[in-house]
Each structure stands twice: as structure tokens, then as C-alpha cells.
Amino acid sequence: MKIAMLARNANLYSHRRLKEAAEARGHTLDILNTLRCTVHIASHRPEVFYNGAPISAYDAVIPRIGASITNYGLAILRQFEMRGSWSLNESVAIGRSRDKLRSLQILAKHGLGLPLTAYANDPKQAEEIIKAVKGPPVVIKLLEGTQGIGVVLAETMSSAKSVIEAFRGANVNILVQEFISEAGGTDIRALVVGGKVVAAMKRTGAPDEFRSNLHRGGSAQVIKITPEERSTAVRAAKHMGLNVCGVDMLRSNHGPVIMEVNSSPGLEGIESATGKDIAGQIIDFVAANAKGGATKTKGRG
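Below you will find a few notes about this structure. (Residues numbered from 1 in each chain as written. Predicted model: local features only at pLDDT ≥ 70, side-chain atom pairs only at ≥ 80, totals over all residues. Heavy atoms only, no water.)

Digging into the sheet that holds strand 1 (residues 2-6)
Strand order in the open sheet formed by 4 strands is 2-1-6-7, with parallel pairing between adjacent strands. What marks the edges here is a single partner per strand, and that holds for strand 2 (28-32) and strand 7 (86-87). (Pairing = 2+ DSSP bridges. Helix = DSSP H or I, 4+ residues; strand = E, 2+ residues; numbered from the N terminus.)

Written out as C-alpha cells, the structure reads:
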């Protein structure tokens, strides 16, 4: 197969592992810097150019689009989809996952466990939404943050109101969520490939850090998840429309609650913790499922 990966940094662990796994199985995988791709729009001739030259057809695309270039990256991916390339995660599904509010609305619609969450535009409603999530303490999140950036724990009413007012004063959209204290600074990352949980790890935050992201200095270890947690992760991936994703959950007193569904999960932490060849499983899924023109949405919607 001829596979394109949309990624800005070819040297990242996840991207190197996917390329190695593809080539070990006899496939060709080209890593294309997303920002060097351009689209030429003409009736019935969707074209993609790379470094000024037209791109030939690819059987499949693996999108590894960074959060900072989501809109541009999705425009490029849609063009590949309209050309008939099969996408590991489709543009519509990635767009849903990057909008925290939209993703929570989708998961709530299907009855999946979530922390109490509130959203408002007017900073004068700060106290109302803090009380709506039974706080303080509350967790305040940027709608488009990633790797724990833009996540604040506010422990008092006054501090929570101050943070909300500051974010909204800067015209930044935020969510306010209940703080799941019983999670004890740990969360679970379940990695789903093709409707199955292929690996899971427990992430523990650094000392004095409530965020458990590995990028924030947290640590990871292999964990055996419960059938309910496994089912929650699989259902989350299905309803978000993602073939590959990392589902981040907390263990609350009323069962697993989903914090985020990550459409471009890193592989280094989970491969190191579990010793599993996740990259190989992803490439095997691509090879088994990629068919020309089989992308469901074809970039629409």
C-alpha cells in the first residue's frame, strides 16, 4: 500500500514508529508536513500539492494533525478524502473530537459517563455555572486545549470566578467541570483501534499536580481495566466516529467518566508501559480496511 501521514514533525516517536511498522510490512509511508500541503479547488478536480508539486494518489491517509493547526489540517485532509483516499480517522470525526463541548454533547446524547459540565458565555454567570457542577472546587478548561495546557483547578468560589472572568475577558471559550476528587490525580488512557481496546495504562500526575498528562511530568503503568471501562472506551470511539483514539477516563464513585477522546494519541507512553506493538496494530488495521473511496463522509458534513 501507499500511505501518506499528515504530520509536522517526522521525528516524533509516534510518527517514526508508524513509518517503521508500515515499512516492515512492505508498505510505503510518506510523512508529509501538513503546512507544506496546499489545495487547489476546481470543479470535479480536487487536487493537493506538496512543496508546489501535485501529489499522486495515496491508498490511505494517517492524519496526525496538531491541535494548533486543526482547521488547516482538516482542510487538507478533506481534500484527500474527496480525492478518494481512505482516512484512518475522518476529518468530520477529528473535528468533533477537537471541540471539547461538541464531543461532550455527543457522548452525553449516547448516555456515556461524564463529569458534570457547564458552559456559558457571560462571565456574570460564573457563580451559576460553578454551582451547576457542585463546586467549588471546579476544573476550568479551554475548549481547544491539549496536553493539559489551559486546564486550571480552582478550589474556592472567588478563585473560580476570577479565572472564569479572566478567560472570558480575553474572549477565550471555556468549560467548567466538577472535580473528581476520588480519582486521586490519576486517570486511565484506553487506546482503541478498530473498535477494540488494544492497550490501557494508568497515568499518575507529578507531585502537587492534579493533571496526569505525561507531558506535564506524569508517569504511566500498565493497568487491567474493568469490563465497564472497556465498554465505555469502545462506545466513545464508536459514537465519535474514530477508528483510532485514546479515551481518557477517571474512576469516580459512580463509575468511569470520560474526560477526553483524543483523535491523535501519542504512542510512546502506552507502548513503553504495556510493551505492545501499537503502531503495528494500527498499520495492520489500515491495511485490512483501506479501500479507495470508502471514506464514509468523503469530507462532507
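Having seen it, we continue.
Details of unusual backbone geometry
With an omega of 0 degrees, the peptide bond running from glycine 135 to proline 136 counts as cis. With omega at 0 degrees, the peptide bond leading from proline 136 into proline 137 counts as cis. Along the chain, proline 137 turns up in the loop between helix 5 (126-132) and strand 9 (138-142). At asparagine 171, a residue that is not glycine, the phi angle is positive and equals roughly 60 degrees.

Notes on the sheet that holds strand 10 (residues 151-154)
Strands sit in the order 8-11-9-10 across an open sheet of 4 strands; the sheet is antiparallel. A single partner strand is all that each edge strand has here, and the edge strands are strand 8 (117-118) and strand 10. Sheet topology note: the strand 9/strand 10 ladder contains 4 bridges and is antiparallel. Residue pairing in the sheet places valine 138 in a bridge with alanine 154 of strand 10. Relative to strand 11 (residues 174-178), helix 4 (residues 100-109) is tilted by about 45 degrees, and along the sheet it contacts strand 8, strand 9 and strand 11. Contacting strand 9, strand 10 and strand 11, helix 6 (residues 157-169) crosses the sheet at an angle of about 10 degrees to strand 9. (Contact = heavy atoms within 4.5 Å. Axes fitted to C-alpha atoms, helices over the stretch in contact; angles between N-to-C directions.)

Some remarks on the pairing of strand 1
Among the 5 residues that make up strand 1, 4 are buried, leaving the element largely enclosed by the rest of the structure. Judged from the 5 bridges that link them, strand 1 and strand 2 form a sheet pairing that is parallel. Among the inter-strand pairings, alanine 4 is bridged to a residue of strand 2, identified as aspartate 30. For the crossover from strand 1 across helix 1 (residues 13-24) to strand 2, the handedness is right-handed. Relative to strand 6 (residues 60-63), strand 1 runs parallel, the two being bridged by 4 bridges. When the sheet's bridge partners are listed, alanine 4 is paired in strand 6 with valine 61. (Buried < 20%, exposed > 50% of the residue type's maximum accessible area, 1.4 Å probe, protein only. Right-handed = clockwise from strand over helix to strand, strands pointing away.)

Side note on the environment of threonine 156
Positionally, threonine 156 belongs in the loop between strand 10 and helix 6. Judged by relative accessible area, which is 39%, threonine 156 ranks as partly exposed. Residues threonine 156 and glycine 135, 21 residues apart in the sequence, show an inter-C-alpha distance of 8.2 Å. Within the structure, threonine 156 has its side chain in polar contact with the side chain of serine 158 (distance 3.3 Å). (Polar contact = N/O pair within 3.5 Å; in protein donor to acceptor, adjacent residues only side chain to side chain.)

A short note on helix 4
All buried positions along helix 4 are accounted for by Lys100, Leu101, Ser103, Leu104, Ile106 and Leu107. Against the buried residues of helix 4 lie helix 3 (91-98), strand 8, strand 9, strand 11, helix 7 (227-240) and strand 16 (255-262). Sitting at the head of helix 4, aspartate 99 places a side-chain oxygen 3.1 Å from the backbone nitrogen of leucine 101. Taken from the residues just after helix 4, glycine 111 is the one with a positive phi, measuring 75 degrees.

Description of the pattern of salt bridges
All told, the structure shown has 12 salt bridges when counted by the stated rule. For aspartate 277, the salt bridge goes to arginine 25, with nearest N and O atoms at 3.6 Å. In this pair, aspartate 277 sits in the loop between helix 8 (268-274) and helix 9 (278-289) while arginine 25 sits in the loop between helix 1 and strand 2, placing the two residues 252 residues apart along the sequence. Among the ionic contacts, a cluster of salt bridges with common partners joins Arg17, Glu20, Arg25, Glu271, Asp277 and Asp284. (Salt bridge = Lys/Arg side-chain N within 4 Å of Asp/Glu carboxyl O.)

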